[in-house]
Amino acid sequence: MCAKFFWDWENRVATRVFITGICGFVGNMLAKLAAEHNLDWEISGIDNLARPGSDINRRDLMSRGINVVHGDLRNSSDLDCIGDIDWVIDAAAKPSVLAGVDGQTSSRQLVEHNLIGTLNVLELCKRSQAGLVLLSSSRVYSIHPLAKLSIEIRDGAYVPKLPFPKGMTEAGISESFSTTPPVSLYGSTKRASEQIALEYAATFGFPCLVNRCGILAGAGQFGRPDQGIIAFWIHSHQARRSLHYTGFDALGHQVRDCLHPRDLLALITRQMQSELHGMPLITNVSGGVESAVSLQQLTAWCDRRFGIHPVSSQHTNRPFDLPWVVLDNKLAKETWGWRPETEKEEIFAEIADYAEQNPDWLDISS
Ligand SMILES: NC(=O)c1ccc[n+]([C@@H]2O[C@H](COP(=O)([O-])OP(=O)(O)OC[C@H]3O[C@@H](n4cnc5c(N)ncnc54)[C@H](O)[C@@H]3O)[C@@H](O)[C@H]2O)c1
């Protein structure tokens, strides 16, 4: 493996990190946190500023001296002028599970952004011999076995019951869980990106790591019900906007895990400093069962923080909705000696503080 992929602590030079989607929630947080923690990174990035609110992040990043190219990953030539880089963190995507079927992004556009975009990033990695950290998703896992889970309700949340499908335990969905379609169009663009990325890396000799992320959440997240649900819920509750539970029994028992991007950054820095030979290249990255929360439980947290705000029930089903999606993060913990440090209540509190300080955030970012 090429020496430049390791930090040489004696003669170290800054690692040149290029972040795609740098003005999105995750890309922006990674860039800012890396700068605030004085990581030895020389950061630059690209964004097409398509996500409402991303321009605010762009101005903030530029004011910190971080170079942001306004470009679109669908156009390979937008990457022609990127100079030498050591690592790419790919955080650009149409990240909603409803993308391609929601009438806002066409199916072709979704594939162009998420898969052709990856292809152009891979050509950049090949040209620069740069490593790649690909942010994938829990949505690569098969819908049918997850939709058919036997579940019970405990403390306002769905909990899966035995027998579990193959690749799952009470600790969550492991990397060996089926990825057979259907997984949603979004999930398929992620799964296909994983596959082509690992193939390019093996063929052209650059490192590549696939981090299958559960929900990432924190202050400044663009909140919509279909993407950024935790931020959307807390901001909406704080602003006294109408909220409703949809799907299943319409009582908000659906469960997701959550992780703060700070913990993702801690993992990525470990990964970049490691000898990757023989390491698993695909790992789940999540807060695990400790971070699992149902919407009803999140409402209870918000009620305690902001005062009671009623949530109505809407008996409609959204495509691809699942009762319990919690990723088992055991492999990431064992492989990288990493563990999430930020507890879910800290994530909620951070978002709540931000909501109080930025009462118009939902209008800006939705
Ligand atoms: N946030 C989560 O809960 C979560 C969970 C799992 C995986 N992920 C993955 O993490 C990554 C970041 O997600 P996020 O929550 O920050 O999303 P986001 O929408 O906040 O940010 C994505 C950014 O990418 C940009 N972008 C989109 N298409 C582009 C293109 N063709 N060219 C250039 N820029 C483009 C957008 O303008 C936006 O600024 C995505 O790959 C997403 O699939 C996110």
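A quick note: this is a predicted structure, and the numbers were derived from the prediction, not measured. (Residues numbered from 1 in each chain as written. Predicted model: local features only at pLDDT ≥ 70, side-chain atom pairs only at ≥ 80, totals over all residues. Heavy atoms only, no water.)

Draft legend 1. The sheet that holds strand β5 (residues 131-137), seen in detail. The 7 strands lie next to each other as β3-β2-β1-β4-β5-β10-β13, forming an open sheet whose pairing is parallel. The open sheet is flanked by β3 (67-70) and β13 (282-285), the only strands paired with a single partner. Direction aside, the axes of adjacent strands within the sheet are offset by 20° on average. Across the sheet, helix α5 (residues 185-204) is in contact with β5, β10 (208-213) and β13; its angle to β5 comes to roughly 160°. (Pairing = 2+ DSSP bridges. Helix = DSSP H or I, 4+ residues; strand = E, 2+ residues; numbered from the N terminus. Axes fitted to C-alpha atoms, helices over the stretch in contact; angles between N-to-C directions. Contact = heavy atoms within 4.5 Å.)

Draft legend 2. The arrangement of the sheet that holds strand β12 (residues 255-256) in detail. Spatially, the 3 strands line up as an open sheet ordered β14-β12-β16, and their pairing is mixed. Each of the sheet's edge strands pairs with one partner strand only, and the pair in question is β14 (293-294) and β16 (324-325). In the sheet, β12 pairs with β16 via 2 bridges, with the strands oriented parallel. Its bridge partner lying in β16, V255 is registered against W324.

Draft legend 3. Region of interest: the site of the ligand. The environment of the ligand is made up of 30 residues, and the closest members are V26, D47, H113, Y186 and K190. One nitrogen or oxygen atom from the side chain of N48 is found 3.0 Å from an oxygen atom belonging to the ligand. Look at the ligand: alone it shows 820 Å² of surface, and the protein chains cover 97% of it. Of the residues that constitute the shell around the ligand, the class distribution is 16 nonpolar, 10 polar and 4 charged. (Near = heavy atom within 4 Å. Polar contact = N/O pair within 3.5 Å; in protein donor to acceptor, adjacent residues only side chain to side chain. Areas by Shrake-Rupley, 256 points an atom, 1.4 Å probe, with all protein chains shown as cover. Nonpolar A, V, L, I, M, F, W, Y, C, P; charged D, E, K, R; others polar.)

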